[in-house]
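# Structural features, examined
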Amino acid sequence: MIYRSKAPLRLGLAGGGSDVSPYSELYGGAVLNATIDQYAYCTIEETSAGTIIINAADLDIRKRYPSALNLPIDGHLDLHKGVYNRIVRKFRITKPLSFKMTTYCDVPPGSGLGTSSTMVVAILKAFAEWLNLPLGDYDMAYLAYQIERIDLGLSGGKQDQYAATFGGFNFIEFSKDERVIVNPLRIKRWVIDELEVSMVLYYTGASRSSDKIIKEQQENTRKGKKQSVEATHRIKQNSYIMKEHLLKGDIIQFAKALGKDWENKKGMASSITNKHIEKIYEAAIKSGAYGGKVSGAGGGGFMFFTIDPAKRLNLINSLNRFNGKVLNFHFSENGCHGWKINEEWKQ
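A few points on the structure. Remember, it's a predicted structure, so these values are computed and weren't measured experimentally. (Residues numbered from 1 in each chain as written. Predicted model: local features only at pLDDT ≥ 70, side-chain atom pairs only at ≥ 80, totals over all residues. Heavy atoms only, no water.)

## Thoughts on the nonpolar core
Applied cut-off: By nonpolar core is meant a set of buried Ala, Val, Leu, Ile, Met, Phe, Trp, Tyr and Cys residues that side-chain atoms within 4.5 Å join together. Relative accessibility thresholds used throughout: buried, under 20% of the residue-type maximum; exposed, over 50%; partly exposed, between the two (1.4 Å probe, protein chains only). A run of DSSP states H or I qualifies as a helix once it reaches four residues; a run of E qualifies as a strand once it reaches two. Both are numbered from the N-terminal end. It only takes one pair of heavy atoms within 4.5 Å for two residues to be counted as in contact.
Ranked by internal contacts, the top residues of the largest apolar core, which has 71 residues, are Leu-11, Phe-127, Phe-169 and Phe-331. Here the element with the most residues in this core is helix H3 (residues 115-131); it accounts for 10 residues. Setting aside anything within four residues of it in sequence, one finds Phe-127 in contact with Ile-44, Val-83, Tyr-84, Ile-87, Phe-99, Met-101, Asn-132 and Leu-133. Counting residues in hydrophobic clusters, the runner-up holds 22 residues, among them Val-200, Tyr-202, Met-268 and Ile-277.

## A short note on unusual backbone geometry
The residue after Ser-21, namely Pro-22, is reached through a cis peptide bond having omega 5°. Mapped onto the secondary structure, Pro-22 falls in the loop between strand S1 (2-14) and helix H1 (23-27). Of note in this structure, Leu-77 is not a glycine but carries a positive phi near 55°. Of the residues examined, Leu-77 reaches a relative accessible area of 10% and is grouped as buried. A positive phi angle is found at Glu-178, which is not glycine, with a value near 70°. Along the chain, the position of Glu-178 falls in the loop between strand S6 (169-174) and strand S7 (180-184).

## Observations regarding the pairing of S7
This is how it is decided: Should DSSP find at least two bridges between two strands, the strands are taken to pair.
When S6 meets S7, the two strands line up antiparallel, connected through 5 bridges. Across the sheet, the residue bridging to Glu-173 is Ile-181, located in S7. Linkage of S6 to S7, two consecutive antiparallel strands, is achieved through a turn of 5 residues, within which Glu-178 is found at a positive phi near 70°.

## Quick look at the sheet that holds strand S9 (residues 291-294)
To keep it simple, the criterion reads: Fitting a line to C-alpha atoms yields each axis, with helices limited to the stretch in contact; the angle taken between N-to-C directions then spans 0 to 180 degrees.
Taken together, the 4 strands give an open sheet; going across it, the order is S9-S10-S8-S11, and neighbouring strands pair in antiparallel fashion. Here the strands that pair on one side only, and so sit at the sheet edges, are S9 and strand S11 (325-327). Along the sheet, successive strands turn relative to each other by an average axial angle of 25°, direction set aside. Pairing of S9 with strand S10 (residues 302-306), which is carried by 4 bridges, proceeds in the antiparallel orientation. Bridging across to S10, Gly-292 finds its partner in Phe-305.

## Regarding the packing of helix H8 (residues 226-248) against helix H9 (residues 251-265)
For clarity, the cut-off: Angle categories: roughly parallel below 35 degrees, roughly antiparallel above 145, roughly perpendicular from 65 to 115, and oblique for all the rest. Gly is put with the polar residues, along with every residue not named as nonpolar or charged; the nonpolar set is Ala, Val, Leu, Ile, Met, Phe, Trp, Tyr, Cys and Pro, and the charged set is Asp, Glu, Lys and Arg.
Where H8 contacts H9, the two axes come as close as 9 Å, and the packing angle between them is 170°. Comparing the axis directions of H8 and H9 gives the class roughly antiparallel. Only Gln-253, Phe-254, Ala-257, Leu-258, Asp-261, Asn-264 and Lys-265 of H9 make contact with H8, whose side of the interface consists of Ala-231, Arg-234, Ile-235, Asn-238, Met-242, His-245 and Leu-246. Considering only residue class, the contact of H8 with H9 consists of 7 nonpolar, 4 polar and 3 charged.

## Some words on the packing of aromatic side chains
Each aromatic ring pair is characterised by the separation of its centres together with the angle its planes make. Heads up, the condition is: Aromatic pairing here means that ring centres of Phe, Tyr or Trp (its six-membered ring) are within 6.5 Å. Orientation follows from the plane angle: under 30 degrees is stacked, over 60 is edge-to-face, and everything else is tilted. Geometrically, a charge over a ring is one whose NZ (Lys) or CZ (Arg) sits within 6 Å of the ring centre while staying within 35 degrees of the ring normal.
Within this structure, the stated rule accounts for 17 aromatic pairs. Judged by centre distance (4.6 Å) and plane angle (20°), the ring pair of Tyr-41 and Tyr-104 falls under stacked. In this pair, Tyr-41 sits in strand S2 (residues 29-46) while Tyr-104 sits in strand S5 (residues 99-105), placing the two residues 63 residues apart along the sequence. Look at Tyr-104 and you get partly exposed, because its relative accessible area is 39%. One aromatic cluster is present, formed by Tyr-3, Tyr-84, Phe-99, Phe-127 and Trp-130 through successive ring pairs. Lying over the aromatic face of Phe-91, Lys-90 brings its terminal NZ or CZ to 5.7 Å of the ring centre. In this structure, Lys-243 packs its charged tip against the face of Phe-171, placed 4.3 Å from the ring centre.

## Regarding the packing of H3 against helix H5 (residues 159-166)
Working note: a packed helix pair is described by the angle between its axes plus the distance between those axes. Where we set the bar: Working rule for handedness: look at the near helix, and if it is turned counterclockwise from the far one by less than a right angle, call the crossing left-handed; if clockwise, right-handed.
The N-to-C vectors of H3 and H5 enclose an angle of 50°; their axes lie 8 Å apart at closest approach. Compared by their axis directions, H3 and H5 come out oblique. Once H3 is placed against H5, the crossing between them reads as right-handed. The segment H3 lies against H5, with Ser-117, Thr-118 and Val-121 engaging Asp-160, Gln-161, Ala-164 and Thr-165. Residues belonging to the contact of H3 with H5 are distributed by class as follows: 2 nonpolar, 4 polar and 1 charged.

Nothing here speaks to function; it is geometry throughout.
This is the structure:
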């Protein structure tokens, strides 16, 4: 049998950064996000060769290991191996598995759309399909979070794993006792349509590692730096305001609040923006955009803007003067899911 999965990437609309430790434990966090029709994919093929083959097709990296109950975390495909190692431990697997895993993502890593966390969720889902693991949505998201942040020690927040697992428009709250509550939002279809034609998603052409940015943000919070902490407070509060605008269908007020969110975000850490990003942002505003921001931690990757749909082409033409790319997208209603394929059907 062949086991496949796909998990949607997300746009962080508001509140991003308030889900990052230690802020979320000290003050509680709240984010507004939505998944889009760009995905991370995983395929697992069970074999009898006594080996584990991991092929990250989009990265052009392929590794082969003898079947074992623990794979080395050595900087090569650690996300993939981290998922395997945790599954072996958590579900008390006593016999090494033999399989070939293939993964790829629709966008480059470091794009600000939650690619790493979404890939972990996709890999987990493929294993769950294969091994019939008893993982509900909250279980899946929390396990993905533990693998990334605890097992592998990677810096980041908590929202991406839940967005990829649940899908759709969600308002996610993070309490001081580390509880997470996912509130699915019932957004009317016309509001989603209007939001889609009012938004432009733009890849700056430069991937970045969020690790440095997030570590700076975390250090600012630990030290109680007033500018950074208060900026995160305002970002969290703005997520409640933007949620209300979205539910009411007030796209213009939503769009203007998005611009305020970006100004607050830049106060969280010095490396969130740079001259190139500011030039792109300035050009977008001159083209008529109400506002915009960098998706994810900042520093590069994707930016998105909101604009009167009648002026959308003006914005696209303006962005095309830079060395990036506008990506057409639609919002995705569904979260991660998996399925099985009988190998005989392929023949």
